[in-house]
Amino acid sequence: DGGITQSPKYLFRKEGQNVTLSCEQNLNHDAMYWYRQDPGQGLRLIYYSQIVNDFQKGDIAEGYSVSREKKESFPLTVTSAQKNPTAFYLCASSIRKGRTEAFFGQGTRLTVV
Amino acid sequence: GDSVTQMEGPVTLSEEAFLTINCTYTATGYPSLFWYVQYPGEGLQLLLKATKADDKGSNKGFEATYRKETTSFHLEKGSVQVSDSAVYFCALSDPEGDSNYQLIWGAGTKLIIKP
């Protein structure tokens with residue numbers, strides 16, 4: 001089945017550590033996105049990528065980094081510079097930018113302990 | 001810039017009640033409009049969409065009509081069930097706006113259906 005797979009579903013991080021969230025899609029989509037969702041809040045865009053080896057900052061990129069070495073994969077690293085990383089992280093993809101809808105993974109819940 | 005405004009929640013209804021969740025938008029160009037649903041602890045799922053004026057998107061008993069004259073895309077369902085309890089997000093994609101084709105999201109509306 002085609003879709004987007006995020007892993008792990010739950011992740012715990014100690015203060016000062018970097019952690020990497022995985023996002024893989026087999027939909028052959030060009031565009032991929034990372035969003036952050038805080039309790040009771042909407043979605044905020046962290047980074048997005050329209051093609052391999054290219055990505056752009058979203059509204060809240062500080063403290064995060066990404067790579068897009070393969071079309072299928074768009075991992076997100078939450079660095080120690082991110083002061084408040086506890087949140088629900090959602091990865092999405094779309095065929096291309098434009099009028100097309102986005103498809104979402106199941107999310108990763110990151111907790112700082 | 002482009003924006004989406006949804007009615008604030010939570011919206012609490014009894015089972016079999018009629019549902020309306022309001023969504024209005026501002027856009028530079030001619031956007032596509034979407035409704036997504038998020039069940040607790042899960043990602044978002046596309047519920048329905050419309051790409052031009054007067055289009056009606058529908059799915060699972062939910063409907064929304066693209067009203068260009070009122071810049072609205074209200075979500076409706078004739079008879080809600082407990083299983084409809086979730087958070088609903090309205091969104092737009094405007095190829096001509098300054099958002100560079102990104103989806104612009106409303107804040108989400110939490111729907112609670114009581115048996």
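The rules behind each value
Along every chain, residues carry numbers that run from 1 in the direction the sequence is written. Here chains are named by letter from A upward and ligands by number from 1 upward, in the order in which they appear as written. For a predicted model such as this one, the threshold for reporting local features is a pLDDT of at least 70, and the threshold for listing and counting side-chain atom pairs is 80 or more; totals across whole chains, interfaces and linings nevertheless cover every residue. Excluding hydrogens and water, the side-chain figures rest on all heavy atoms present in the structure. Disulfide: a pair of cysteine sulfur atoms within 2.5 Å of each other. Strands here mean DSSP runs of E at least two residues long; helices mean DSSP runs of H or I at least four residues long; both are numbered from the N terminus. Burial classes: relative accessible area under 20% of the type maximum marks a residue as buried, over 50% as exposed, and values in between as partly exposed (1.4 Å probe, protein chains only). We call two residues in contact when some of their heavy atoms are within 4.5 Å. By buried area we mean the combined loss of accessible area, with a 1.4 Å probe, across both parts when two parts are placed together. Each salt bridge in this description consists of a side-chain nitrogen of Lys or Arg and a carboxyl oxygen of Asp or Glu lying within 4 Å of one another. Whenever two N or O atoms come within 3.5 Å, that pair is a polar contact, provided that in protein one can donate a hydrogen and the other can accept it, and provided that, for residues adjacent in sequence, both atoms are side-chain atoms. Note on residue categories: nonpolar means Ala, Val, Leu, Ile, Met, Phe, Trp, Tyr, Cys or Pro, charged means Asp, Glu, Lys or Arg, and polar means any other residue, Gly included.

### Description of the state of the cysteines
As used in these notes, a disulfide is a covalent bond between sulfur atoms, one from each of two cysteines.
Residues and elements named next belong to chain A.
Move 1: According to the stated counting rule, one finds two disulfides over all chains in the structure shown.
Move 2: Two residues, Cys23 and Cys91, share a disulfide whose sulfurs are 1.9 Å apart. Its S-S torsion of about -75° marks the bond between Cys23 and Cys91 as left-handed, since a negative value means left-handed. With a gap of 68 residues between them, Cys23 in strand E3 (residues 19-25) and Cys91 in strand E9 (residues 87-94) connect regions that are remote in the sequence.
Move 3: Overall, the relative accessible area of 0% leaves Cys23 in the buried class.

### Section: unusual backbone geometry
Move 1: Omega for the peptide link from Ser7(A) to Pro8(A) comes to -10°, which places this bond in the cis form.
Move 2: With respect to the secondary-structure elements, Pro8(A) resides in the loop between strand E1 (4-7) and strand E2 (10-13).
Move 3: Note that the residue after Gly9(B), namely Pro10(B), is joined by a cis bond; omega there is 0°.
Move 4: The residue Pro10(B) is located in the loop between strand E1 (3-6) and strand E2 (11-14) in this model.
Move 5: Of note in this structure, Asn53(A) is not a glycine but carries a positive phi near 65°.
Move 6: Looking at where Asn53(A) falls in the secondary structure, it is placed in the loop between strand E5 (43-51) and strand E6 (54-57).
Move 7: Phi angles above zero are rare outside glycine, and Lys60(B) is one such case at about 55°.
Move 8: Here Lys60(B) shows up in the loop between strand E7 (56-59) and strand E8 (62-65).
Move 9: Judged by relative accessible area, which is 52%, Lys60(B) ranks as exposed.

### Some details on the interface of chain A and chain B
Move 1: Chain A puts 21 residues into the contact, and the matching count from chain B is 22 residues.
Move 2: For the pair chain A and chain B, the two sides together bury roughly 1,800 Å², of which 50% comes from carbon and sulfur.
Move 3: Counting the contacts that link chain A with chain B gives one salt bridge.
Move 4: Between Glu101(A) and Lys49(B) there is a salt bridge, with its nearest N and O atoms 2.9 Å apart.
Move 5: Counting every contact that joins chain A to chain B gives four residue pairs in polar contact (both at pLDDT 80 or more).
Move 6: Going through the elements one at a time, strand E4 (31-37), E5 and E9 of chain A are the ones with two or more residues in the side of chain A that touches chain B.
Move 7: Ranked by residue count, the leading element in the side of chain A that touches chain B is E5(A), at four residues.
Move 8: Residue composition of the side of chain A that touches chain B, by class: nine nonpolar, eight polar and four charged.

### Quick notes on the side chain of Ser72(B)
Move 1: If you trace the backbone, Ser72(B) turns up in the loop between E8 and strand E9 (75-77).
Move 2: Side-chain polar atoms of Ser72(B) contact the side chain of Thr70(B), separated by 2.8 Å.

### Things to note about the pattern of salt bridges
Move 1: What the rule picks out here adds up to eight salt bridges over all chains.
Move 2: In this structure, Arg67(B) engages Asp54(B) in a salt bridge whose closest nitrogen and oxygen atoms are separated by 4.0 Å. Of this pair, Arg67(B) sits in the loop between E8 and E9 while Asp54(B) is found in the loop between strand E6 (44-50) and E7, placing the two residues 13 residues apart along the sequence.
Move 3: The exposed category is assigned to Asp54(B), whose relative accessible area is 54%.
Move 4: Taken together, the salt bridges that share partners define one network made up of Arg36(A), Asp38(A) and Arg44(A).

Everything listed here is a matter of geometry and, on its own, says nothing about what the molecule does.
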